[in-house]
Amino acid sequence: MALDKRELLERLGALLTAKGLSRVHPDTSDPVAHAAGLALAGLPHYEQLWAGDLGASVALVAVASGERLAGHELVRRKDLLAERLAGLRARVNAPAQALQLVLYERAVPPEERDFVLKEAKKGGLLPIGRSKVATFLFALAEPALHSSRFAGWPEDLGPTELRKLLLSPEA
């Protein structure tokens, strides 16, 4: 049985909560998630936003999904996240990194996947200090997680752990 988006989001939420991240929303009591909400105001819609202090840095996970998110739109969003991440870094006075996690319910054409992952490796348009942003793609129809190297991102939230969400029979 194929994993659906709702189930993957539940599993992802359980993993992120267990690792110390909180959902970003206006009523959050978590100070890092609150600061992230302020820094990210005005961004294009993300299905979910998560933030947390992981000790060495602040981590942000932005989950995007949609019937037809084009590769160039994902690259634009990555650049916008990088700009806002610099603001978050200043608010929390700590290094910050973000993972844009894209959920495709359809098969991802290899050209689109390669374009997004290649562009995701490039730096943002503005100098952003130690802020970093990467994009990983979940393809539920395959099922697969397509990723590139993300230096400094915690291994326990990296591609190996995220791939387990696709395979694990329970959350």
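Sequence positions are assigned chain by chain, starting from 1 and proceeding in written order. Predicted model: local features are reported for residues with pLDDT of at least 70 only, side-chain atom pairs are reported and counted for 80 or more only, and whole-chain, interface and lining totals are derived from all residues. By convention in this description, side-chain values take in all heavy atoms of the structure and omit both hydrogens and water.

Novice: Any details on the confidence of the model for the protein? Residues and values, ideally.
Specialist: Along the chain, pLDDT gives the predictor's confidence residue by residue, from 0 to 100. Mean pLDDT over the protein works out to 85, with 88% of the residues at or above the 70 mark. Averaged pLDDT values for the elements of the protein fall to 82 in helix H4 (residues 110–121) and rise to 96 in strand E1 (residues 22–23). Predicted confidence is poor over residues 124–131, with pLDDT under 50, and the contacts of this stretch with residues over four places away or in other chains come to 14 contacts. Note on conventions: DSSP H or I runs of at least 4 residues are helices, E runs of at least 2 residues are strands, and numbering of each starts at the N terminus. Pairs of residues are marked as contacts when any of their non-hydrogen atoms sit within 4.5 Å.

Novice: Account for the side chain of Arg106, with residues named and values stated.
Specialist: Inspection of the secondary structure assignment puts Arg106 in the loop between strand E4 (96–104) and H4. The exposure class assigned to Arg106 is buried, which follows from its relative accessible area of 19%. In protein, a polar contact means a hydrogen-donor-capable atom and an acceptor-capable atom, both N or O and within 3.5 Å, with residues adjacent in sequence counting only if both atoms are side-chain atoms; elsewhere, any N or O pair within 3.5 Å suffices. In terms of polar contacts, Arg106 uses its side chain to reach the side chain of Glu112, at 3.3 Å. For the exposure calls, accessible area comes from a 1.4 Å probe over protein chains only, and a residue counts as buried if that area is under 20% of its type's maximum, exposed if over 50%, partly exposed in between.

Novice: Explain the pattern of salt bridges to me, using residue names and the numbers behind them.
Specialist: The term salt bridge refers to a side-chain nitrogen of Lys or Arg lying within 4 Å of a carboxyl oxygen of Asp or Glu. In the structure shown here, the tally under the stated rule is 10 salt bridges. Between Lys5 and Glu47 there is a salt bridge, with its nearest N and O atoms 3.3 Å apart. Here Lys5 is found in helix H1 (residues 5–18), whereas its partner Glu47 is found in the loop between helix H2 (31–40) and strand E2 (48–53), with 42 residues between them in sequence. Under the relative-accessibility criterion, Glu47 is labelled partly exposed at 28%. For Asp114, the salt bridge is made with Arg113, and the minimal N-O distance between the two is 3.6 Å. On the basis of relative accessible area, Arg113 is assigned to the buried category, the value being 19%. Each of the salt bridges in this network shares a partner with another, and the network as a whole consists of Glu73, Arg76 and Arg77.

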